[in-house]
Structure formats: structure tokens, C-alpha cells
Amino acid sequence: MILVTGGAGFIGANFILDWCADGDEPIVNLDKLTYAGNLGNLASLKDDPRHLFARADIGDRPRVESLLREHRPRAVLNFAAESHVDRSIHGPADFIATNLVGTFTLLDAVRGYWSTLDEPERSRFRFLHVSTDEVYGSLGPGDPPFSETTAYAPNSPYAASKAGSDHLIRAYHHTYGLPTLTTNCSNNYGPRQFPEKLIPLVIHNAVAGKPLPVYGDGLQIRDWLYVGDHCAAIRAVLERGRPGETYNVGGSAEQTNLEVVRTVCRILSDLKRGRDYAAQITFVKDRAGHDRRYAIDATKIRRELRWTPAETFESGLERTVRWYLDNEAWLDAVTSKEYQRWITLNYTAVPSTA
Ligand code: NAD
Ligand code: DAU
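All figures in this text were calculated on a predicted structure; none of them were measured in a lab. (Residues numbered from 1 in each chain as written. Chains lettered and ligands numbered in written order. Predicted model: local features only at pLDDT ≥ 70, side-chain atom pairs only at ≥ 80, totals over all residues. Heavy atoms only, no water.)

Engineer: Any details on the overall build of the protein chain? Residues and values, ideally.
Structural biologist: Scanning the protein chain from terminus to terminus reveals 13 helices and twelve strands. Here the protein chain has a C-alpha radius of gyration of 20 Å; the compact-globule value for 354 residues is 20 Å, and the two agree. Along the first, second and third principal axes, the C-alpha set of the protein chain runs to 65 × 45 × 40 Å. A buried classification covers 55% of the 354 residues belonging to the protein chain. Taking all contacts inside the protein chain whose residues are at least 6 apart in sequence as the whole, residues at least 24 apart take part in 82%. Accessible surface, the protein chain: about 15,100 Å² in total, of which carbon and sulfur atoms supply 52%. Once the 40 positive and 44 negative side-chain charges of the protein chain are each reduced to a mean point, those two points are 1 Å apart. (Helix = DSSP H or I, 4+ residues; strand = E, 2+ residues; numbered from the N terminus. Rg over C-alpha atoms; globule rule 2.2 N^0.38 Å. Buried < 20%, exposed > 50% of the residue type's maximum accessible area, 1.4 Å probe, protein only. Contact = heavy atoms within 4.5 Å. Areas by Shrake-Rupley, 256 points an atom, 1.4 Å probe, with all protein chains shown as cover. Lys, Arg positive; Asp, Glu negative; His and termini not counted. Charge placed at Lys NZ, Arg CZ, Asp CG, Glu CD.)

Engineer: Hey, could you go over the packing of aromatic side chains for me, with residue numbers and the actual values?
Structural biologist: Across all of its chains, the model carries 17 aromatic pairs by this definition. Taken together, a centroid distance of 6.3 Å and an interplanar angle of 85 degrees make the contact between Phe 95 and Tyr 158 edge-to-face. Residue Phe 95 is found in helix α4 (residues 93-115), and its partner Tyr 158 is found in helix α6 (residues 157-176); the two are separated by 63 residues along the sequence. You can call Phe 95 buried: its relative accessible area is 2%. Residue classification places Tyr 158 among the buried residues on the basis of a relative accessible area of 9%. Between Tyr 113 and Phe 125, the aromatic rings sit 5.9 Å apart at their centres with planes inclined by 70 degrees, giving edge-to-face as the arrangement. Here Tyr 113, found in helix α4, pairs with Phe 125, found in the loop between α5 (121-124) and β5 (126-132); they are twelve residues apart in sequence, far enough to count as distant. Under the relative-accessibility criterion, Phe 125 is labelled buried at 1%. (Phe/Tyr/Trp six-rings, centres within 6.5 Å; stacked < 30°, edge-to-face > 60°.)

Engineer: So what's going on with the layout of surface pockets? Residues and values would help.
Structural biologist: The computed volume of the largest pocket comes to approximately 350 Å³. Lining the largest pocket are 15 residues, and of these Tyr 152, Asp 166, Arg 170, Gly 244 and Thr 246 sit closest to its centre. At the level of secondary structure, the elements contributing two or more residues to the lining of the largest pocket comprise α6 and β6 (180-185). Here the residues of the lining of the largest pocket are counted per class, giving three nonpolar, seven polar and five charged. (1 Å grid on protein atoms, 1.4 Å probe; cavity = no way out; pocket = protein on both sides within 12 Å on 5 of 7 lines; lining within 4 Å. Points joined across faces, edges and corners; volume = space filled by probe spheres on them. Nonpolar A, V, L, I, M, F, W, Y, C, P; charged D, E, K, R; others polar.)

Engineer: Explain the side chain of Gln 280 to me, and be specific about the residues and the numbers.
Structural biologist: If you trace the backbone, Gln 280 turns up in the loop between α9 (257-272) and β12 (281-284). Polar side-chain contacts of Gln 280 include one of 3.2 Å to the side chain of Arg 275. The contacts of Gln 280, once residues within four sequence positions are left out, are Asn 205, Ala 206, Gly 209, Lys 210, Pro 211, Leu 212 and Arg 275. (Polar contact = N/O pair within 3.5 Å; in protein donor to acceptor, adjacent residues only side chain to side chain.)

Engineer: Quick rundown of the site of ligand 1? Include the residues and the values.
Structural biologist: Near ligand 1 you find 28 residues, and of these Ile 11, Asp 31, Ser 83, Tyr 158 and Lys 162 are the closest. Contacts to ligand 1 include Gly 9, whose backbone N or O atom sits 2.9 Å from an oxygen atom. Residue Asp 57 places a side-chain N or O atom 3.0 Å away from a nitrogen atom belonging to ligand 1. Isolated, ligand 1 exposes 840 Å² of accessible area, and the fraction of that covered by the protein chains is 97%. Sorting elements by how many residues they give to the shell around ligand 1 places β5 first, with three residues. Tallied by class, the residues present in the shell around ligand 1 amount to 13 nonpolar, eleven polar and four charged. (Near = heavy atom within 4 Å.)

Engineer: Tell me about unusual backbone geometry, and name the residues and values.
Structural biologist: The peptide bond linking Glu 119 to Pro 120 adopts the cis configuration, its omega dihedral lying at 5 degrees. A positive phi angle, close to 50 degrees, is found at Ser 252, a residue other than glycine. In this structure, Arg 306 takes a positive phi of about 55 degrees despite not being glycine. Residue placement: Arg 306 occurs in the loop between α10 (299-305) and α11 (313-326).

Engineer: Pulling in residues and values, what's your account of the pattern of salt bridges?
Structural biologist: Applying the stated criterion to the full structure yields 22 salt bridges. Its salt-bridge partner being Asp 24, residue Arg 50 comes within 3.8 Å of it at the nearest N-O pair. Taken together, the positions of Arg 50 in the loop between β2 (27-31) and β3 (51-55) and Asp 24 in the loop between α1 (10-22) and β2 put the pair 26 residues apart, joining distant regions of the chain. Overall, Asp 24 belongs to the exposed group, its relative accessible area being 65%. Residue Lys 197 pairs with Glu 196 through a salt bridge whose shortest N-O separation is 3.3 Å. You'll find Lys 197 and Glu 196 in the same group, each marked buried. Overlapping salt bridges bring together Arg 87, Glu 196, Lys 197, Glu 338 and Arg 341 as one network. (Salt bridge = Lys/Arg side-chain N within 4 Å of Asp/Glu carboxyl O.)

As C-alpha cells, then:
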């Protein structure tokens, strides 16, 4: 039995679906169901006894302790987080509460549980923390990609809250010997991503005939990875990673945001034999403190754990666009009133000069 947090969100849900497709080990899914959590992501597991759902906050220590006592997992994987950079700029408090204080509460409860285990369960136990490349800050055009030894320099409240949680994980291994693992991954895309993030937002707006908002000059660079490849990397780290280590995960697929948006438009035009979606591209006010470039050096996980991505950016993006076109009901269900409120707040547009 393993316990995952945040399993109703984008990456967590993909992880659970892949996990259940591959084996019989049960999974406890602890999720608060914030605006980003959606049990519809796991509809196919509704009557599956391998998936046990518990609505809870990682910051609720008594509840976390009781779930650990009840289910006695061999591993805890922490996906739960507030994950959207723009929301962290508008309202950082929830990010500190969940990503920093919540992760601390979870980690400390897990340490208590772990200390009650007998050998060999104690040494076999793992706490895997799912983190991000944003903790490393921003790269210049000629800089080498982020490696596991790059100094932390987080620039947004989101990145700072994740960096703080990474430091706590490191300290719990160093001080208490808790067998921790940390992954720092680049931008994910794929099915079930909430349409506040660039790729699903662009697909959604393109089909609806709405503007495709590109921040600033659109020349910021991200290193994109298909979500299924990230989930495979997490499984490799869980099974073969060395306790106390961190692993960078990325697709070696650097793209400017404009390239990403244009590729989505091209795939949509091919699949729908439709209009010129790129004509909907609209430059809007830039994100405050916008990081210019992220890129990951994934040599360590490739060499040590023999992980490689299965999808190219082009193949993964085509699968993703097809999924959104085939799952209009999913999009309708998540583009609620709260979603409209967010879109109005974030894009009350001051037109850009770029
Ligand atoms: P998401 O926003 O789609 O999902 C987050 C999930 O966590 C939701 O189900 C939400 O209900 C749950 N949650 C939030 N606060 C909680 C709390 N206090 N207690 C319990 N559950 C809570 O996020 P995602 O994109 O799936 O990201 C998952 C993890 O991966 C995050 O830790 C994020 O930092 C990390 N990450 C994301 C990306 C990416 O590109 N999306 C890349 C690298 C790392
Ligand atoms: O790098 C990993 C990170 O990737 C994760 O830790 C975060 O949880 C995840 O949200 C993602 O962060 P980004 O800020 O890079 O992702 P987002 O999809 O929000 O934006 C991608 C790029 O596109 C970024 O440079 C901002 C830009 N953008 C985004 C939106 C929503 C636009 O130009 N227009 C938009 O409307």
C-alpha cells in the first residue's frame, strides 16, 4: 500500500491511473479537493477497491496520523500543492499554508509513523516529494541547464514555497535519517491539466474562438515533459532512487511560449481541418517577475535509474490536444464560476506593446 497526496490533481491523477494500470498494489489518495482537485479525473477507478479516497488537508495532522495508522503505507508520495505561479502572485498565503506549512506537517507526521516501524520496514520506507525546477530560478540564454547541484534562487512566491519545502525534506533526511527522495521536474503537459496553465488554456480558448493570451514578448523558454513520462520517472525514483538524493526530471524540449502556442494552433488546425487559430494570438501584460528560461539536465536520472521519456514534444502534444477535443464534458465541468472569476482577475487586460 502506498499513500499519495494531491492525487485528484493533474499529475497525481495521471500517476494513480498509470499505477493502477500497471499493478495491484492499493493506493490511498489524500486530497483536499481545492479548485484544482477533481474526482472526475479518477472516474474510471470509482468502483475499484485499489483506490481509496480520503478528503483531507496535508496540514491536518490528526487526520494525516490517523490515515497513516489505519493504512500503514510503505511509501508516501507528496504531490499536494498550490501549483499556479500567477495565483501565487495574486495571493501567496495559500501557497505558504499548503506548500510550506502543510508539507512540514505531513513530513513530521510521517516521521512519527516511520519511527514506529520495525526493521526492515523502516529502511524500506520512502517519503517522495514531488518538486519543481522553478526552485532554481531563471537561466540566461547561454547558461547550462539546471543540475541537482545548481544553487536555489526561487523568484515567485510559488517557487519560494516549494524551495522551502525541499529544504525541509533535505533536513529531515540529514537530521533524522528519514528515507526521503525529491524530484525537481520541468513543465508538464498532458490530459487532465487544469485550463489555467498555458497549454490547456490555449486549447480551450482556441476552440472557443477566444484570444490566446501570450505574456510579454512570448520568448520565455520552458522545458516541456509529457505527464506520463514524469509519472514514469517518479515510479523509477520510488523503486530505485537512493534515499536522501534529489533527481532532476525534464524532457530536453526547450520551446519559447510563442512556439508552444503556434504548435498547438497547427495541431488543432490539422485535427479539425479548421481555421487559422494562430490569428487569435494576443500579446498581454507580462507576468510580474517572469522567469525567462528553464532547462533541465536530466543526466543523473537517465544514467542512474535508466529513465528516458517515451514521448517527444510533438507526439505528446498531439495526444494532449486530441484528449481535450475528445473530453469536452471534462472541460465544461472544470470551467466553473470560480474559473471565470480567475480568468477575469488575471486577464483584465492592459494590452501589451510587444
Ligand atoms: P494541481 O494544482 O493540478 O493539483 C494539486 C492537487 O493538490 C489538487 O488535487 C488539490 O486539491 C490538492 N491539494 C492542494 N492543497 C492541498 C492540501 N492542503 N491538502 C491536500 N491536497 C491539496 O497540481 P499539479 O500540476 O498536478 O502538480 C502536482 C505537484 O507537482 C505539485 O507539487 C507541483 O509543485 C509539482 N510540479 C508540477 C509541475 C507542472 O508542470 N504542473 C511540474 C513540476 C512539478
Ligand atoms: O517548471 C515547472 C512548473 O511549470 C511547475 O512547477 C508549475 O506548477 C507549473 O504551473 C508550471 O509553471 P509555469 O509558470 O511555467 O507554467 P504556466 O503554464 O503557467 O506558464 C507557462 C509559460 O507560459 C510561462 O512562461 C508563462 C506563460 N503564459 C502562461 C499563461 C497561463 C502565457 O504566456 N500566457 C498565459 O496565459
